[in-house]
Amino acid sequence: MNQQTLSVREAIIGRRSIKKFNGQPVDREALLQIVDDAVWAPNHKNREPWRLVVACGEEIFELHKLLRDIAIPKWKELSEETLEKQMLKFTLPGAYAFIIVSEDVRQKQRLEDYAAASMFIQNIQLLAWDYGIGSCWKTPDFLDAPEFREALGVKPGERIISMLQMGYFDDIPKAAERKKSDEIVTFFERKEENN
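Once a new chain begins, its residue numbering starts again from 1 and follows that chain's sequence as written. Given that the model is predicted, a residue must reach a pLDDT of at least 70 before its local features are reported, and side-chain atom pairs must reach 80 or more before they are shown or counted; all residues, however, enter totals for whole chains, interfaces and linings. To get the side-chain values, take all heavy atoms of the structure and skip hydrogens and water.

A. Looking closely at the packing of aromatic side chains. The pairing test for Phe, Tyr and Trp rings, Trp by its six-membered ring, is centres within 6.5 Å, and the orientation test on the planes gives stacked under 30 degrees, edge-to-face over 60, and tilted for anything in between. What the rule picks out here adds up to 6 aromatic pairs. Plain terms: the ring middles of W129 and F169 are 5.3 Å apart, the flat faces sit at 10 degrees to each other, and that makes the pair stacked. Taken together, the residues W129 in helix α5 (residues 107-130) and F169 in the loop between β4 (158-167) and α7 (181-184) connect sequence positions 40 residues apart. Considered together, W129 and F169 belong to a single accessibility category, that of buried residues. An aromatic cluster is present here, built from F90, Y96, F98, F142 and F148 joined pairwise through their rings. Counted as over-ring charges are cases with an Arg CZ or a Lys NZ within 6 Å of the ring centre that also lie within 35 degrees of the ring normal. Looking at R68, its charged tip hangs above the ring of W75, at a distance of 3.6 Å from the centre. Put simply, DSSP marks the helices as runs of H or I at least four residues long and the strands as runs of E at least two long, and each gets a number from the N terminus on. Exposure classes here rest on a 1.4 Å probe applied to the protein chains alone. A residue is buried below 20% of its type maximum, exposed above 50%, and partly exposed in between.

Written as structure tokens, this is what we have:
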């Protein structure tokens, strides 16, 4: 494990979504340690509403086949070279984590659980960055495809909210500008009612 020990601020400001991975596999032990630490995300009533399906070893090759079959429906009609090019977006990440959340029938709890799982995913991304592992949170349409859900063992009443691609990279993307506090903050001011 190649842990860097960034400050929280350095991790938050320095982390980038990585879309171009270099194909190096992610160590299972490192990934499991990241998950073990990420579970400390705030979550309402300690429901910990998430579970993961992970591929980071030999199983990643079977996942590649599933992604090919689902995401590139006419793959059999493509030349080997064209298929290989289209598959790079799936084959270059060194690990995958699919984050699955139960969908509570009560709207308040469902929104709380989604928010908590989002913080859990952010924790994974920040901790991975500290290990020198990049990530990108993706939500392709095929996550809801019945055959994809079945292949991942997603049960009725559950939803895949993230396909987290993870891996090593050679280049850090340039940061996009972000809004500053003077653009997004309004200070509370109580209005006096006239009688």
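Past the structure itself, the notes keep going.
B. Main features of the layout of surface pockets. Its volume calculated, the largest pocket comes out at about 420 Å³. Of the grid points, spaced at 1 Å and generated over the protein atoms alone, those admitting a 1.4 Å probe that cannot get out make up cavities, while open sets with protein on both sides within 12 Å along at least five of seven lines make up pockets; any residue with an atom within 4 Å of a point is treated as lining. I13, R15, R16, A176 and R178 are, among the 14 residues lining the largest pocket, the residues nearest its centre. Those elements giving two or more residues to the lining of the largest pocket turn out to be α1 (8-14) and α5. For the second largest pocket, the calculated volume is near 220 Å³. Lining of the second largest pocket is provided by 14 residues; of these, E103, Y114, R159, I160 and I161 occupy positions nearest its centre. Looking at the lining of the second largest pocket, the elements with two or more residues in it are β2 (95-102), α5 and β4. The nonpolar class holds Ala, Val, Leu, Ile, Met, Phe, Trp, Tyr, Cys and Pro. Asp, Glu, Lys and Arg form the charged class, and all remaining residues, Gly among them, are polar. For the lining of the second largest pocket, a count of residues per class yields 7 nonpolar, 2 polar and 5 charged. Grid points are joined across faces, edges and corners, and a volume is the space filled by probe spheres set on the points.

C. Here's a closer look at helix α2 (residues 28-38). All of the buried residues along α2 are A30, L31, I34, V35 and A38. Burial along α2 is one-sided: seen end-on, the buried residues are contained in an arc of 135 degrees. Looking at the packing, one finds that the buried side of α2 touches β1 (50-55), β2, α5 and β4. Any pair of N or O atoms that falls within 3.5 Å is considered a polar contact. Within protein, one atom must be able to donate a hydrogen and the other to accept it, and sequence-neighbouring residues count only if both atoms are side-chain atoms. The backbone nitrogen of E29 lies 3.2 Å from a side-chain oxygen of the residue at the head of α2, namely D27. Each direction from the helix axis to a C-beta atom contributes to the arc, which is the arc of those directions. Throughout, a contact is declared for two residues whenever any of their heavy atoms are within 4.5 Å.

D. Focus on the sheet that holds β4. When DSSP finds at least two bridges between two strands, those strands are taken to pair. What the 4 strands build is an open sheet, ordered β1-β2-β4-β3; its pairing is antiparallel. Each having just a single partner strand, β1 and β3 (134-138) make up the two edges of the open sheet. Taken over all neighbouring pairs, the strand axes of this sheet differ in orientation by 25 degrees on average, direction set aside. Looking at chain direction, β1 and β2 are connected through 6 bridges and run antiparallel. Bridge pairing in β2 links V53 to F98. What counts as an axis is a line fitted to C-alpha atoms, over the stretch in contact for a helix, and the angles between N-to-C directions run from 0 to 180 degrees.

By themselves, these figures tell us nothing about what the structure is for.
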